[in-house]
Amino acid sequence: MSYEPPTPPAELPTDIVNTLNGYSPDQLQHVARYAEALAEHKAREARLEEESEDDEIDERPDDLPDDVPSKATITIKEINDNRYYYWQWREGDRVKSKYKSPVSPDE
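Residues numbered from 1 in each chain as written. Predicted model: local features only at pLDDT ≥ 70, side-chain atom pairs only at ≥ 80, totals over all residues. Heavy atoms only, no water.

Enquirer: Tell me about the sheet that holds strand S3 (residues 94–102), and name the residues and values.
Expert: Within the open sheet, the 3 strands sit side by side as S1-S2-S3. Their pairing is antiparallel. Strands at the two margins of the open sheet, each flanked by one partner only, are strand S1 (73–79) and S3. Taking each pair of neighbouring strands and ignoring which way they run, the sheet shows an average axis angle of 40°. In this structure, S1 lies alongside strand S2 (residues 82–91), joined through 7 bridges in antiparallel fashion. Within S2, the position partnered with Glu-78 by the bridge is Arg-83. (Pairing = 2+ DSSP bridges. Helix = DSSP H or I, 4+ residues; strand = E, 2+ residues; numbered from the N terminus. Axes fitted to C-alpha atoms, helices over the stretch in contact; angles between N-to-C directions.)

See below:
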């Protein structure tokens, strides 16, 4: 083991480095255990959040055609003074659309 103190990561703010430098070896061991547990907890929460977002995407509206992805949204296009609903989604750099129905005159 080196007699030189370790170099702190560049991503670590200076005030945290200064605070840690003032801690005893026992305190630093407690901080290390806590930081590891906190990192695992936050990573788990992020995974669960991502999974719940994926679950929401998987729920398909009843009127969504089979050839339209579940991430599609409904937009209104006006053509020749008539309004129509279209399913719209992105595939790579392109925006795809599929006709849904005319917009009701009441809307």
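Enquirer: Give me the lowdown on the pattern of salt bridges, citing residues and values where you can.
Expert: On inspection of all chains with the given rule, the structure shows 2 salt bridges. Among the salt bridges present, the one from Lys-98 reaches Asp-67, with a minimum N-O distance of 2.7 Å. Of this pair, Lys-98 sits in strand S3 while Asp-67 sits in the loop between helix H2 (25–58) and S1, and the two are 31 residues apart along the sequence. The partner of Glu-91 in a salt bridge is Lys-96, with the nearest N and O atoms 3.9 Å apart. (Salt bridge = Lys/Arg side-chain N within 4 Å of Asp/Glu carboxyl O.)

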